[in-house]
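# Structural features, examined
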Amino acid sequence: LLSKLDGLVDNAAAVVGYESSSRGVVVELNDGRREEFDVLVGADGIWSSVRAGMYGEAVKEQRGDSRQGCGYSGYTVFAGEAVMPLADYYDVGYNVYIGPKRYFVKSDVGDGRVQWYAFCGMPRGTRFVKDTWEGDTGSTEEDRADIVEYILDLHQGWSPEIEEVLRNTAADSVEQRDLYDRNPLKILFQSWVDDNKRVCLLGDAVHPMMPNLGQGGCQAIEDAYELADKLATFDDVGEALDAYQNARKGRAATVTFLSRLASDLVINAFDTPWSLHDAKGKSWQSYLTFAWKPVLQLLIFPFQFLYLYSYHPTGPMGDLPKELERAWRIRHKTNSEAAFAALRQNPTTAQQSRASFLNANDGDAAAPTSAATLPAAR
């Protein structure tokens, strides 16, 4: 994709500020340059400089449990990644294990690799390892030495598969991040477009959400589709940006709310379910969890996912999804078997072939750009 945009992408040129007018927008970059464009799209993530300029925020400013207008979710997440030839690797793409004030997720990410996330209800700032995406230089071996054992202790008595996944993860691939999101009401009622109708927000810059439903990237893609469609449809840039935010606000706010609700229920309401076979679940949350199980499985989850997957603006795709799936399964099996063979031959090299997914600088790759700038709509 990048090769098709030759000359249009300027990496490592973060937007630190802007000045807009009815005629266009002047963008200030972190290297001191000032460039003029017709439209600025703030797609620079949860700690967005563009959003800070639009809403009068200070980038990453912490006020209690709020940071740059985003609230702390109550969760910190540990995450890691490794090549793992698990017994169910080709059969199960995604597992979720839920317990009191924490949940554990395992996901197949291709090439024989498994990503896992351990979401733990902890006070903000409870730090064990550093987060390179936040600008940390990375944790030392001493920092990380006991992190896998610590996470294992947190999940003692849980599924044996969690222990298998953690035991196969190198400590130096584990990172940690506190999770924040924005209030869905802010997403719904605050403008995504500046007063001069030349700047708009997209993705995590305007609707960062909890990862429970796997919708953060999906909603950003939907934003991008609607923005491109409206810029192509309207001659007036301001009308296009207004039409874009009107098309996206309700759905983005709803998905953010559903993602937040899922995590809040785990922290505040769910516990080990009551069972006739043991005495582990005796709290009111245990009885509630037991009672909710059939409601969640038969009613809530089906309608929730029906809504999430209801966005198909180009209409039915016929057999294309099945064809893509068949091609992916063949490619997935071939690449994964090659990774497993490399792991058997040289375990250390195979596990070091890719950095942690939380790492901002994967190998020698350039840092991502902070925002996108667009020429006139027509």
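Counting restarts for each chain: residues are numbered from 1 in the order of the written sequence. Confidence filtering applies because this is a predicted model: local features only for residues at pLDDT of at least 70, side-chain atom pairs given and counted only at 80 or more, and all residues used for totals across whole chains, interfaces and linings. With hydrogens and water excluded, all non-hydrogen atoms of the structure serve as input to the side-chain values.

## Side note on the overall build of the chain
We count it as follows: In this text, helices come from DSSP runs of H or I with a minimum length of four residues, and strands from runs of E with a minimum of two, each type numbered from the N-terminal end. Residue burial is assigned from relative accessible area. The probe radius is 1.4 Å, only protein chains are included, and a residue is buried under 20% of its type maximum, exposed over 50%, and partly exposed in between. The contact rule is simple, with two residues in contact once any of their heavy atoms fall within 4.5 Å. Where accessible areas are quoted, they stem from the Shrake-Rupley method and a 1.4 Å probe; at the residue level, only the protein chains shown are allowed to cover.
Looking only at helices and strands, the chain features 10 helices and 13 strands. Per-residue burial for the chain yields a buried fraction of 41% across its 378 residues. Of all intrachain contacts in the chain linking residues separated by at least 6 positions in sequence, the fraction that spans at least 24 positions is 68%. Total accessible area on the chain stands at roughly 20,200 Å², and carbon and sulfur atoms take up 55% of it.

## Re the pairing of strand β7 (residues 70-83)
Filter applied, for reference: Here, strands pair whenever DSSP counts at least two bridges between them.
Within β7, 13 of the 14 residues are buried, which leaves the element mostly enclosed by the surrounding structure. The sheet contact formed by strand β6 (residues 66-67) and β7 spans two bridges and is antiparallel. Looking at β7, one finds that Arg67 is bridged to Cys70. Connecting β6 to the next strand, β7, in antiparallel fashion are two residues, including Gln68 with a positive phi near 45 degrees. Bridge analysis of β7 against strand β10 (residues 113-121) gives nine bridges, and the strand direction is antiparallel. The residue bridging Val83 from the neighbouring strand is Arg113, located in β10.

## Quick word on unusual backbone geometry
The residue Ala12 is not glycine, and still its phi comes out positive at about 60 degrees. Its place among the elements puts Ala12 in the segment before β1 (15-21). Exposure remark for Ala12: the relative accessible area of 46% places this residue in the partly exposed category. Unlike most non-glycine residues, Lys101 shows phi in positive territory, near 60 degrees. Summarising the element assignment, Lys101 is placed in the loop between β8 (94-99) and β9 (102-110). Exposure remark for Lys101: the relative accessible area of 45% places this residue in the partly exposed category.

## Remarks on the sheet that holds strand β3 (residues 34-37)
Stated precisely, the cut-off is as follows: Orientation is described by axes fitted as lines to C-alpha atoms, over the contacting stretch for helices, and by angles from 0 to 180 degrees between their N-to-C directions.
An order of β1-β2-β3 is seen for the three strands of this open sheet, with the pairing classed as antiparallel. The outermost strands of the open sheet, each flanked by one partner alone, are β1 and β3. Across this sheet, the average inter-strand angle for adjacent strands is 20 degrees, counted without regard to direction. Two strands pair when backbone bridges link them, and β1 and strand β2 (residues 24-29) are joined in this way by six bridges, in the antiparallel orientation. If you follow Tyr18 over to β2, its bridge partner there is Val27.

## So, a nonpolar patch on the surface
Test applied: Patches were defined on residues exceeding 30% relative accessible area and lacking a salt bridge, with like-charge contacts within 9 Å and nonpolar side-chain contacts (Val, Leu, Ile, Met, Phe, Trp, Tyr) within 5 Å. Put simply, a salt bridge is a Lys or Arg side-chain nitrogen that is within 4 Å of an Asp or Glu carboxyl oxygen.
Nonpolar side chains collect at one region of the surface, where Trp292, Val295, Leu298, Leu299, Ile300, Phe301, Phe303, Phe305, Leu306 and Tyr309 lie side by side and expose about 1,000 Å² of accessible area between them. Its location among the elements puts Phe301 in helix α8 (residues 284-308).

## A short note on the confidence of the model for the chain
Our working definition: On a scale of 0 to 100, pLDDT captures the predictor's confidence in every residue.
Mean pLDDT for the chain: 86, with 88% of residues reaching 70 or above. When pLDDT is averaged over each element of the chain, strand β12 (residues 199-201) comes out on top at 98 and strand β13 (residues 372-374) at the bottom at 48. A low-confidence stretch, residues 355-371 (pLDDT under 50), is modelled with 42 contacts involving residues beyond four sequence positions or located in other chains. A low-confidence stretch, residues 373-378 stays under pLDDT 50, and its non-local contacts, those more than four residues away or across chains, total 20 contacts.

## Some remarks on the side chain of Thr289
In this fold, Thr289 is placed in helix α8. The contact partners of Thr289, leaving out residues within four places of it in the chain, are Ala269, Phe270, Asp271 and Pro273.

## Thoughts on the packing of aromatic side chains
Counted only if it meets this: Each Phe, Tyr or Trp ring, with Trp reduced to its six-membered ring, pairs with another whose centre is within 6.5 Å; inter-plane angles below 30 degrees give stacked pairs, above 60 give edge-to-face pairs, and intermediate values give tilted ones. Comment: the charge-over-ring label is applied if NZ (Lys) or CZ (Arg) is within 6 Å of the ring centre and within 35 degrees of the ring normal.
For the coordinates displayed, the defined rule picks out 16 aromatic pairs. Pairwise contacts between aromatic rings join Tyr75, Tyr103, Tyr117 and Phe119 into one cluster. One residue, Arg251, lies across the ring of Tyr307, its end atom 5.0 Å from the ring centre.

## Things to note about the packing of helix α3 (residues 147-154) against helix α4 (residues 160-167)
How we decide: Reported orientations rely on four angle classes, namely roughly parallel under 35 degrees, roughly antiparallel over 145, roughly perpendicular from 65 to 115, and oblique for the rest. Under the scheme applied here, ten amino acids are nonpolar (Ala, Val, Leu, Ile, Met, Phe, Trp, Tyr, Cys and Pro), four are charged (Asp, Glu, Lys and Arg), and all others, including Gly, are polar.
Closest axis-to-axis distance for the α3/α4 pair is 10 Å, and the angle between their directions is 175 degrees. The angle between α3 and α4 falls in the class roughly antiparallel. Where α3 abuts α4, its residues Val148, Glu149, Ile151 and Leu152 lie against Glu163, Leu166 and Arg167. Residues belonging to the contact of α3 with α4 are distributed by class as follows: four nonpolar, no polar and three charged.

## Some thoughts on the pairing of β2
Hairpin connection between β1 and β2: a loop of two residues separates the two successive antiparallel strands. Relative to β3, β2 is paired through four bridges, and the arrangement is antiparallel. Each residue of the ladder has a partner; that of Val27, found in β3, is Glu35. Counted between consecutive antiparallel strands, the loop separating β2 from β3 contains four residues, among which Gly32 sits at a positive phi close to 95 degrees.

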